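# An overview of the molecular structure
The primary structure of each chain is shown beneath.
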Amino acid sequence: MINYHVKKSKRTRLTYRLLGIVVIIVCASQVVMFILGYGRSHKLGTILAFALLIYGIYLFINSFRPGAYNMDYEFRDTDFTVHTRYGDKVYKYSDITNLSHIIPENEILYSLIHITIGKTDYVLPFSLKKDVAEKIYNFLDERTCLNGNVEKYNSGTNSGSFSESIPTEDPEIKTEAETEVDIKNTKQIGIEADIKTQNELDYKQKK
């Protein structure tokens, strides 16, 4: 079994909440003033304020999502458990629909493992833990394939590398059009040679 702990900053959650509250208060006041009859000439500004109001609500609510808090992962041979603030979730490896190891240019400093299960995404960040990231990814990779999820896994996996095979051309193989051109060229050369030979014979007979 492999255990991995993902720590999230409390300061980040509080920052999003504070920013969301400020945006909500400012934009809501503008919308309310417009409804009450003040600032009727600022319709565009009111529309923008309403859009920002929705964004502020999104920031505030999003700061309470499970991924904003610390999470613990327990990877076992047959299944794995995700411990969140709002409860534990147990999954089988056959439930994984997408597994990818995202490696930037400097893979020693930072990398990510992205796990998708239906519409749920889990991201495991690794900072200065290259060996741990490779160990967990290989562990998941092996069990995802063994649990009959090969088709879905292969169709969704993106390990950060891409290769494309380019067919090589055989110089001995020619198309039908190229063959016809070669025949025409050969006939043209033969005609020119015959004309040249005939001209030489005529020149000698004149002498």
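Here's a quick rundown of the structure. (Residues numbered from 1 in each chain as written. Predicted model: local features only at pLDDT ≥ 70, side-chain atom pairs only at ≥ 80, totals over all residues. Heavy atoms only, no water.)

The contact between helix α1 (residues 10-35) and helix α2 (residues 43-62) brings their axes to 8 Å, and the two run at 150°. Accordingly, the angle class assigned to the pair α1 and α2 is roughly antiparallel. Crossing hand, α1 versus α2: left-handed. Seen from α1, the contacting residues are Tyr16, Arg17, Leu19, Gly20, Ile21, Val23, Ile24, Cys27, Ala28, Gln30, Val31 and Phe34; seen from α2, they are Lys43, Thr46, Ala49, Phe50, Leu52, Leu53, Gly56, Ile57, Leu59 and Phe60. Partitioning the contact of α1 with α2 into residue classes produces 16 nonpolar, four polar and two charged. (Axes fitted to C-alpha atoms, helices over the stretch in contact; angles between N-to-C directions. Helix = DSSP H or I, 4+ residues; strand = E, 2+ residues; numbered from the N terminus. Parallel < 35°, antiparallel > 145°, perpendicular 65-115°, else oblique. Left-handed = near helix turned anticlockwise from the far one by under 90°. Contact = heavy atoms within 4.5 Å. Nonpolar A, V, L, I, M, F, W, Y, C, P; charged D, E, K, R; others polar.)

Here we take up α2. Taking 1.5 Å per residue as the helical rise, α2 with its 20 residues ought to reach 28 Å, and the 29 Å between its terminal C-alpha atoms agrees with that figure. All buried positions along α2 are accounted for by Thr46, Ala49, Leu53, Gly56 and Leu59. Angular distribution of buried residues about the axis of α2 spans 125°; they occupy a single face of the element. For α2, the exposed residues lying more than 90 degrees away from the buried face are Lys43, Leu44, Ile47, Leu48 and Ile61. (Expected span 1.5 Å × (residues − 1). Buried < 20%, exposed > 50% of the residue type's maximum accessible area, 1.4 Å probe, protein only. Arc of directions from axis to C-beta.)

With the rule as written, the count across this model stands at four salt bridges. Linking Asp79 and Arg76 is a salt bridge whose minimum nitrogen-to-oxygen distance equals 2.8 Å. Through salt bridges that share partners, Glu74, Arg76 and Asp79 make up one connected network. (Salt bridge = Lys/Arg side-chain N within 4 Å of Asp/Glu carboxyl O.)

Here the focus is the sheet that holds strand β7 (residues 120-127). As a general point, the strands of a sheet are linked pairwise by backbone hydrogen bonds and lie either parallel or antiparallel. Strand order in the open sheet made by the three strands is β5-β6-β7, with antiparallel pairing throughout. With one partner strand each, in any of the chains shown, β5 (98-102) and β7 form the two edges of the open sheet. This sheet shows a mean twist of 10° between the axes of neighbouring strands, independent of strand direction. Summarising the sheet, β5 and strand β6 (residues 110-117) pair through five bridges and their orientation is antiparallel. Following the sheet pairing, His101 is matched in β6 by Ile113. (Pairing = 2+ DSSP bridges.)

Let's shift gears to the layout of surface pockets. Looking at the largest pocket, its volume works out to about 240 Å³. Residue lining of the largest pocket: 13 residues in total, with Pro66, Gly67, Met71, Asp121 and Tyr122 positioned closest to the centre. Elements supplying a minimum of two residues to the lining of the largest pocket: β2 (71-75) and β7. Counting residues per element, the lining of the largest pocket draws most heavily on β7, which supplies four residues. Split by residue class, the lining of the largest pocket holds six nonpolar, three polar and four charged. Elements with a contribution of two residues or more to the lining of the second largest pocket: α1 and α2. (1 Å grid on protein atoms, 1.4 Å probe; cavity = no way out; pocket = protein on both sides within 12 Å on 5 of 7 lines; lining within 4 Å. Points joined across faces, edges and corners; volume = space filled by probe spheres on them.)

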